[in-house]
Amino acid sequence: MSASLLPKHVAAVLKQQKDPLKALEMFNKVKREDGFKHSLLTYKCIIQKLGFHGNFVAMENVLAEMRMDIDNSLLEGVYIGAMKSYGRKGKVQEAVDVFERMDFYNCEPSVLSYNAIMNILVESGYFKQAHKVFLRMKNVGIVPDVYTFTIRIKSFCRTKRPHSALRLLNNMVSQGCQLNAVAYCTVVAGFYEENYRVEAYELFNDMLRIGIFPDVSTFNKLLHTLCKKGEVQESERLLNKVLKKGMCSNLFTFNIFIQGLCRKGMLSGAMSMLDSVIREGLTPDVVTYNTLICGLCKNSNVVEAEKYLHKLVNGGLEPDGFTYNTLIDGYCKMGMIQNAEKILQGAICKGFVPDEFTYCSLINGLCQNDESDRALALFNAALGKGLKPTVILYNMLIKGLCQEGLILQALQMMNEMSENGCSSDIWTYNLVINGLCKMGCVSDANNLMNDAIAKGYVPDVFTFNTLIDGYCKQLKMETTIQILNKMWSHGVTPDVITYNSVLNGLSKAVKNEDLMETFKTMVEKGCVPNKITYNILTESLCKAGKVNEALDLVDEILNKGITPDTVSFATIISGFANNGDLKGAYQLFRRMGEQYKVSHTTATYNIMINAFAEKLDLHMAEKLFLEMGAGGCAPDMYTYRVMIDGFCITGNTDSGYKFLLEMIEKGFIPSLTTFGRVINCLCVQHRVHEAVDIIHFMVHNGIVPEVVNSISEADKKVVAAPKIVVEDLLKRSCITYYAYELLYDGIRDKKTQKQKLPNRH
């Protein structure tokens, strides 16, 4: 290099160099040249380069060197750059340290430095600390500027205080600061975040009315806030306003809209928006296509998403790792592994290197398809190709093995992790503990948790909840309570899921006193009960015959602002019916809709229909049956069975036979017992032809013993099948011997072989 080399030349080269370490090497090499000395410009360039790439040790070394060469009073801009670099990487304390050292090195911080550190603190959620910095700034006599106020406004909005932000905005002029679009849009976004839509829209209009117009970058930030909340229509309303004022949208604007539409599941709108991009004369980029592809995949429309991959390529763009991984993951979640593998092969041919996310998706997809052998082979192949094993990758495979019940292989995989230099985490243990509990091996799961604790892993609420649920299902309530107490000793607070599992177990074990005591403890500990909690209590009270107490509990639920669901009412209605209080059951059934505004379901109608049928009040049962159909609650198999049983018991053969035909027409296949009830009634009334029709229907629709299917010759099957069905019905005690004799003779009468019942194909 010649002696005429100037700092501006070096700065230009440093800016162009993408590798920060190579840039540092150049920086150090050039200072050894005769006649060259680094200036503030070159120091600033290398410090920004190193900070941007996170090479903070090297950056601090250069900062120390710079302080020796340059007048420290001139270094504020460099310090601000260093603070921002630390802030971008989430190193807040390091950024604060840079700010605090400025005084020590004789560089007096101005409002610019205070603004920089306050913004970093606010962006990182340290709102109180940012406020202390603001007070300190005022104490040393530094006058806030428009950026100070904007940062303060952002802090108020981030802490859900948009009205305070608005007051600050209105005070800016009196403090000598000119209002700007950034401050206004920050407050508008704050109002939208807290769902003050009217105030937000009015403030936006006020801004435009006084002649303040946001640039496209500022406006896009506001759009992003709205679209993130799914307020796509509101976003369009604001966009139309600023477009009329002359603002031009850019590609980022459309990308935000596409993302918002995808989040709302408005996929046709998102696809149309892509067409709008082209109509506006803009060229979609990879981000545009990736946003749409991601939205389509999340909404299980992967085939359509793949079409946009081809459009992306045809448009001269190059798919990136996100594009391929999104499509592969989408196909894997739909169980379409072959499609995922096809995408992967095509991507590899174009230079794509599968990463951890790729293999996680494929392993998860294969395990969901019960192909754990292939998942294991893929995992080993990935390691063979040099992929570094991670706890996430291992956990995905262990999860799949546990789902298939392959617990021994999962435990073996846990041991293999440490051999490959990969430490398991509590989630690894949770997966295997959950798998063991599902197989009923709860003691083994408990031993595994103790092993985790011995190795220094702290169980979380999921670990304990899994074990508690497992012991509750086995009604081992003493052990369950021990595990619950163990939670507290390990500093884990039981949640509503924990208590619901315990309460449900106590209810099943009929330990009502313990149940109410546990519920009382739950409330005292500050755990808020939910609908499931109250449903368990309601069921327990009804089982104990305390139906009125259960009904009082419904009013208590309402007073707490929780709306009881149909499960609560169905349980209490059943409780009244089981206690023989049919009147009380029916009154509550009517009050459900009239007083409590809870809609009836097929299940609640079935409870009442069954209650009336058991009391042989078929008039009320049939009335409710007709009412439920008219009210949009379709009768199910249980409804028809109850009605048919009731009619047959009361000797109303016509109605029983009619309901059987209707049941079959609706697509339900009655049980052998239901068939037998109607057949018996028909035979008692000597309506053998109709009874035989039912037998032929059963044969025609394959409702026959297995032995019928073993008859190979068609002619023999036609003759033998009806007789075998009749014999099977007698053998199962579904028909009487009297009916058997009539049917046996009836099926031999060729005139009765014509099938009259509807066919089901």
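Our structure is the block above this text.
Quantities reported herein were computed from a predicted structural model and do not represent experimental measurements.

A. Layout of the overall build of the protein. In terms of helices and strands, the protein carries 43 helices and zero strands. What you see for the protein is a C-alpha radius of gyration of 37 Å, clearly larger than the 27 Å of a compact globule of 761 residues, by over 25%. Reported as C-alpha extents along the three principal axes, the dimensions of the protein are approximately 120 × 65 × 60 Å. Long-range pairs, those at least 24 residues apart, make up 60% of the contacts in the protein with a sequence separation of at least 6. Looking at charge distribution, the protein has the averaged site of its 83 positive side-chain charges lying 4 Å from that of its 80 negative ones.

B. Layout of the packing of helix 19 (residues 321-333) against helix 20 (residues 337-349). The interhelical angle for the contact between helix 19 and helix 20, taken along N-to-C directions, is 165 degrees, at an axis separation of 7 Å. Regarding the angle of helix 19 to helix 20, the classification is roughly antiparallel. For the pair helix 19 and helix 20, the sense of crossing is left-handed. Contacts between helix 19 and helix 20 involve Tyr324, Leu327, Ile328, Tyr331 and Cys332 from the first element and Ile337, Asn339, Ala340, Ile343, Leu344 and Ala347 from the second. For the contact of helix 19 with helix 20, the residue count by class is ten nonpolar, one polar and no charged.

C. Layout of the packing of helix 25 (residues 426-438) against helix 27 (residues 461-473). Two numbers describe how helix 25 lies on helix 27: the axes approach to 9 Å, and their chain directions differ by 10 degrees. Between helix 25 and helix 27, the angle is such that the two are roughly parallel. Within the contact between the two elements, helix 25 uses Ile426, Trp427, Asn430, Ile433, Asn434 and Cys437 and helix 27 uses Phe462, Thr463, Thr466 and Leu467. Tallied by class, residues from the contact of helix 25 with helix 27 come to six nonpolar, four polar and no charged.

D. Highlighting helix 12 (residues 197-209). If you check helix 12, its first and last C-alpha atoms are 18 Å apart, about what 13 residues at 1.5 Å a residue would give, namely 18 Å. Among the residues making up helix 12, those that are buried are Ala200, Tyr201, Leu203, Phe204, Asn205, Met207 and Leu208. Immediately downstream of helix 12, the backbone of Gly211 shows phi near 90 degrees, a positive value.

E. Quick peek at unusual backbone geometry. For Leu616, which is not glycine, the phi dihedral falls at a positive 65 degrees. With respect to the helices, strands and loops of the structure, Leu616 is situated in the loop between helix 35 (602-614) and helix 36 (618-630). With a relative accessible area of 46%, Leu616 lands in the partly exposed category. Unusually for a residue other than glycine, Ser733 sits at a positive phi of about 65 degrees. Residue position: Ser733 is located in the loop between helix 42 (714-731) and helix 43 (737-746).

F. Fine view of the environment of Phe322. With respect to the helices and strands, Phe322 occurs in helix 19. The class of Phe322 is partly exposed, set by a relative accessible area of 43%. Those residues in contact with Phe322 that sit more than four places away from it in its chain are Asn290 and Cys294.

G. Representation of the packing of aromatic side chains. Enumeration according to the criterion identifies 23 aromatic pairs in this entry. Between Phe191 and Tyr196, the ring centres sit 6.0 Å apart and the planes meet at 90 degrees, which makes this aromatic pair edge-to-face. For Tyr196, a relative accessible area of 32% corresponds to the partly exposed category. Ring centres 6.2 Å apart and planes at 50 degrees place the aromatic pair Phe204 and Phe219 in the tilted group.

H. Representation of the pattern of salt bridges. Overall, the coordinates contain 25 salt bridges when judged by the stated rule. When the shortest N-O distance is used, the salt bridge between Arg158 and Glu123 registers 3.4 Å. Of this pair, Arg158 sits in helix 9 (residues 146-158) while Glu123 sits in helix 7 (residues 111-123), and the two are 35 residues apart along the sequence. On the accessibility criterion, Glu123 (44% relative accessible area) is partly exposed. Notably, a salt bridge pairs Asp645 with Arg641, separated by 3.2 Å at the nearest N-O pair. Placement of both Asp645 and Arg641 in helix 37 (residues 637-649) is noted, with a separation of four residues, approximately one turn of the helix.

I. Structural view of helix 9. Counted at 1.5 Å a residue, the expected span for helix 9 with its 13 residues is 18 Å, and the 18 Å between its end C-alpha atoms agrees. Looking only at helix 9, the buried set comprises Val146, Thr148, Phe149, Thr150, Ile151, Arg152, Ile153, Lys154, Ser155, Phe156 and Cys157. For helix 9, the elements touching its buried residues are helix 7, helix 8 (127-139), helix 10 (162-171) and helix 11 (181-193). The N-cap residue of helix 9 is Asp145: its side-chain oxygen and the backbone nitrogen of Tyr147 are 3.1 Å apart. Note on helix 9: the residue one or two positions beyond its end, Lys160, has a positive phi of about 60 degrees.

J. Looking closely at a negative patch on the surface. A contiguous patch of negative charge on the surface is contributed by Glu513, Asp514, Glu517 and Glu524. Residue classification places Glu524 among the exposed residues on the basis of a relative accessible area of 59%.

K. The layout of surface pockets, seen in detail. Size it by volume and the largest pocket reaches roughly 1200 Å³. Lining the largest pocket we find 36 residues, and of these Asn119, Glu123, Lys154, Arg158 and Lys221 sit closest to its centre. Secondary structure elements with two or more residues in the lining of the largest pocket: helix 5 (76-88), helix 7, helix 9, helix 11 and helix 13 (216-228). In terms of residue count, the dominant contributor to the lining of the largest pocket is helix 13 (eight residues).

L. Fine view of the environment of Ser85. One can find Ser85 in helix 5. On the accessibility criterion, Ser85 (2% relative accessible area) is buried. For Ser85 and Gly51, which are 34 residues apart along the polypeptide, the C-alpha to C-alpha distance reads 5.0 Å. For Ser85, the contacting residues outside a window of four places in its chain are Gly51, Phe52 and Phe56. Within polar-contact distance, the side chain of Ser85 engages the side chain of Arg88 at 3.3 Å.

Quick notes on the rules
Residues numbered from 1 in each chain as written. Predicted model: local features only at pLDDT ≥ 70, side-chain atom pairs only at ≥ 80, totals over all residues. Heavy atoms only, no water. Helix = DSSP H or I, 4+ residues; strand = E, 2+ residues; numbered from the N terminus. Rg over C-alpha atoms; globule rule 2.2 N^0.38 Å. Contact = heavy atoms within 4.5 Å. Lys, Arg positive; Asp, Glu negative; His and termini not counted. Charge placed at Lys NZ, Arg CZ, Asp CG, Glu CD. Axes fitted to C-alpha atoms, helices over the stretch in contact; angles between N-to-C directions. Parallel < 35°, antiparallel > 145°, perpendicular 65-115°, else oblique. Left-handed = near helix turned anticlockwise from the far one by under 90°. Nonpolar A, V, L, I, M, F, W, Y, C, P; charged D, E, K, R; others polar. Expected span 1.5 Å × (residues − 1). Buried < 20%, exposed > 50% of the residue type's maximum accessible area, 1.4 Å probe, protein only. Phe/Tyr/Trp six-rings, centres within 6.5 Å; stacked < 30°, edge-to-face > 60°. Salt bridge = Lys/Arg side-chain N within 4 Å of Asp/Glu carboxyl O. Polar contact = N/O pair within 3.5 Å; in protein donor to acceptor, adjacent residues only side chain to side chain. Patch = residues over 30% accessible without salt bridge, like charges linked within 9 Å, V, L, I, M, F, W, Y side chains within 5 Å. Areas by Shrake-Rupley, 256 points an atom, 1.4 Å probe, with all protein chains shown as cover. 1 Å grid on protein atoms, 1.4 Å probe; cavity = no way out; pocket = protein on both sides within 12 Å on 5 of 7 lines; lining within 4 Å. Points joined across faces, edges and corners; volume = space filled by probe spheres on them.

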